[in-house]
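# Observations on the model geometry
One letter stands for each residue in the lines below.
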Amino acid sequence: MDSGFYISSVKGFMALDSRGNPTVKVAVRTEGGGIGVALAPSGASRGGKEAAELRDGGRRWMGKGVSLALARLEHVVAPRLIGMDTRRQAYIDQALEAIDGSGDFSFIGGNVATATSIAVAKAAADTAGIPLYTYLGSPSTPLIPVPLMNVINGGVHAGNDLDVQEFLLIPAGFDALTEALRAAVEVYHTLKSILKERYGASAVNVGDEGGFAPPMRETREALNTLLDAVKKAGYEPGRDFALGLDVAANQLYLEDRGVYRVEGRELEPGELLALYESLVDEYPLVYLEDPFSESDPSSFAELTKSLGSRVIIVGDDLYCTNPRILSQLKDLKPTNGALLKVNQVGTLSRALNYARIAMLSGMRVIVSHRSGETEDTFIADLAVALGNGLIKTGAPARSERTAKYNRLLEIDSENAGIARYAGWEPFPARPC
């Protein structure tokens, strides 16, 4: 075997994420001179089954320090990985699980596991001298994903009264990524001017993912404003742009009563389902993420049965990128879309297995960022490698978000004349 791919060192560093909180940065080097550097993101809206981050607690860094995580990386993890072949991703990831021993990475930390696992893949690609998306399995004709852009924030991502967490702008009606991004940026800035005019200067403050956080209360108010921005920028809703919602319904669910609190009302699951049906009839919505609580998969299934031919119904907290959970639920057919966040499950191998199960089950896989992001562009390469045609990585603002878009532009340019922009292809139907 080529010893050039063997790990020669694993080093950890503290870094800051987009919220100014500490996170784990890992650099893996190979005998052949390759290097892979990865940073672990962190979520605000977290599913109950996610891999556990390891934080220091106490007063320093508001309890979010990572000194203990870095110490376990240095003294427990790194010595076990030296000499392993970076091309054996699954073997290394299984070693991380065995070293941890907890089942949820609570000993070494999901932040350590995620950054280390991704850094290994990057080091292997660098040693081989090929782009990361190629190493991860991109088809010979790369499919450039359509961005799902969070341009209005609510829920736990903002300080306003909107219950829905994310209002997404989707530039699907274009022939190339460059045109899609240009149009999306034009709409984003038009939206900014509309919000400032209608609600005042404070309305254009941005949330965690670069979207604006205006003083709105109602879902339809936000959707109507988005449509106004699309039209004022010179584009046609339903032809050039579609819309999407990440409801993050875990935050709205009152489990003791089995109801959802939405815009001051308490709705039974069937009533909330009817609300989604009416919104899809009224607006060019093609994407609904976490419309119900993770503890309510039967309502997901009812919604997918009702709207799945028109809309991608997506599970995030429902699955937590966990292949075991997805396997248990897939026969219920709760969704036709599955969100993928590597740090939810701790290793790249687990995430890729999850993607495989989802795709074999006929689901569309959406590679996603976290609200506490970093400048790491890994998910752009992963989205191209999976070829599912969708990426969720925030507004066209804030460098931890635009870094991913810039990487996609780079990949698109590297494959000029070969790559295709996914456009409407990933969606069940074009909106009426």
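Described in the following lines is the structure provided in the data block. Since the model is a prediction, treat every value here as computed from it, not as a measurement. (Residues numbered from 1 in each chain as written. Predicted model: local features only at pLDDT ≥ 70, side-chain atom pairs only at ≥ 80, totals over all residues. Heavy atoms only, no water.)

Along the chain, the position of D316 falls in the loop between β13 (312–315) and α9 (323–329). Judged by relative accessible area, which is 3%, D316 ranks as buried. Dropping the residues within four chain positions of it, D316 is found in contact with E289, D290, L339, K341 and Q344. (Helix = DSSP H or I, 4+ residues; strand = E, 2+ residues; numbered from the N terminus. Buried < 20%, exposed > 50% of the residue type's maximum accessible area, 1.4 Å probe, protein only. Contact = heavy atoms within 4.5 Å.)

The next point concerns the environment of S202. Secondary-structure assignment places S202 in the loop between α5 (177–199) and α6 (219–232). Distance from S202 to A213, taken between C-alpha atoms, is 8.5 Å for residues eleven residues apart in sequence.

Turning our eyes to something else, we now look at the side chain of E294. You can see E294 is positioned in the loop between β12 (285–289) and α8 (297–307). Residue classification places E294 among the buried residues on the basis of a relative accessible area of 16%. Within the structure, the side chain of E294 is placed 2.8 Å from the side chain of K49, a separation counted as a polar contact. (Polar contact = N/O pair within 3.5 Å; in protein donor to acceptor, adjacent residues only side chain to side chain.)

Any two side chains of opposite charge can pair, so long as their charged atoms come close to each other. Applying the stated criterion across every chain yields a total of 29 salt bridges. Ionic pairing is found between K49 and E294, a salt bridge with its closest N-O pair at 2.8 Å. Of the two residues, K49 is situated in the loop between β3 (35–39) and α1 (67–81) and E294 in the loop between β12 and α8; the sequence distance between them amounts to 245 residues. In this structure, the salt-bridge partner of E400 is R401, at a minimum N-O distance of 3.0 Å. Residues E400 and R401 agree in their burial class; the two are buried. (Salt bridge = Lys/Arg side-chain N within 4 Å of Asp/Glu carboxyl O.)

The α-helix advances 3.6 residues per turn, and as a result positions three or four apart in sequence lie on the same side. Over its twelve residues, helix α2 (residues 89–100) extends 17 Å from the first C-alpha to the last, a length consistent with the 16 Å expected when each residue adds 1.5 Å. Those residues of α2 that fall on the buried side of the exposure criterion are Q89, I92, D93, A95, L96, I99 and D100. Here the buried residues of α2 occupy an arc of 150 degrees about the axis, which is enough to place them on one side. Here the buried face of α2 lies against β1 (7–16), α1, α3 (110–128) and α11 (348–360). (Expected span 1.5 Å × (residues − 1). Arc of directions from axis to C-beta.)

Before going further, it helps to spend a moment on empty space enclosed by the protein. If you walk through the whole model with that rule in mind, you get three cavities of 30 Å³ or more. If you trace the largest cavity, you find 17 residues lining it, with P41, I118, E373, F378 and I379 closest to the centre. A per-class count over the lining of the largest cavity returns six nonpolar, six polar and five charged. (1 Å grid on protein atoms, 1.4 Å probe; cavity = no way out; pocket = protein on both sides within 12 Å on 5 of 7 lines; lining within 4 Å. Points joined across faces, edges and corners; volume = space filled by probe spheres on them. Nonpolar A, V, L, I, M, F, W, Y, C, P; charged D, E, K, R; others polar.)

Applying the stated criterion to the full structure yields ten aromatic pairs. Between W424 and F427, the ring centres sit 6.1 Å apart and the planes meet at 65 degrees, which makes this aromatic pair edge-to-face. Across the pair, exposure class does not vary: W424 and F427 are buried alike. Through successive ring pairs, a cluster of aromatic residues spans Y253, Y260, Y276, F292 and F300. Cation over ring: R88 sits above Y91, and NZ or CZ is 4.3 Å from the ring centre. (Phe/Tyr/Trp six-rings, centres within 6.5 Å; stacked < 30°, edge-to-face > 60°. Lys NZ or Arg CZ within 6 Å of the ring centre and 35° of its normal.)

Attention shifts here to the sheet that holds strand β11 (residues 265–267). Strand order in the open sheet formed by three strands is β9-β10-β11, and the pairing between neighbours is antiparallel. Pairing within the sheet leaves two strands with one partner each, and these edge strands are β9 (253–254) and β11. As defined by bridge partners, β9 adjoins strand β10 (residues 259–262) across two bridges and the pair is classed as antiparallel. Bridging across to β10, L254 finds its partner in V259. With respect to the sheet, helix α7 (residues 269–282) is in contact with β10 and β11, its orientation differing from that of β11 by roughly 100 degrees. (Pairing = 2+ DSSP bridges. Axes fitted to C-alpha atoms, helices over the stretch in contact; angles between N-to-C directions.)

With that settled, the discussion passes to a nonpolar patch on the surface. Residues M14, L16 and W61 make up a contiguous nonpolar surface patch of roughly 280 Å² in combined accessible area. Of the residues examined, M14 reaches a relative accessible area of 39% and is grouped as partly exposed. (Patch = residues over 30% accessible without salt bridge, like charges linked within 9 Å, V, L, I, M, F, W, Y side chains within 5 Å. Areas by Shrake-Rupley, 256 points an atom, 1.4 Å probe, with all protein chains shown as cover.)

Take helix α12 (residues 378–386) next. In terms of burial, α12 is a largely internal element, nine of the nine residues being buried. If you check which residues of α12 are buried, you get F378, I379, A380, D381, L382, A383, V384, A385 and L386. Phi turns positive one or two residues past the end of α12, at G387, with a value near 70 degrees.

Most of the time, phi is negative for any residue but glycine, and the peptide bond is trans. A positive phi is found at M62, a non-glycine position, where the angle reads about 55 degrees. Residue M62 is classed as exposed on the basis of its relative accessible area of 74%. The residue R398 is not glycine, and still its phi comes out positive at about 70 degrees. Summarising the element assignment, R398 is placed in the loop between β16 (390–392) and α13 (399–414).

Here β12 lies mainly inside the structure; five of its five residues are buried. Pairing of strand β8 (residues 242–246) with β12, which is carried by four bridges, proceeds in the parallel orientation. When the sheet's bridge partners are listed, L243 is paired in β12 with L285. Sheet topology note: the β12/β13 ladder contains three bridges and is parallel. Looking at β13, one finds that Y287 is bridged to I312. The handedness of the β12 to β13 crossover, carried by α8, is right-handed. (Right-handed = clockwise from strand over helix to strand, strands pointing away.)

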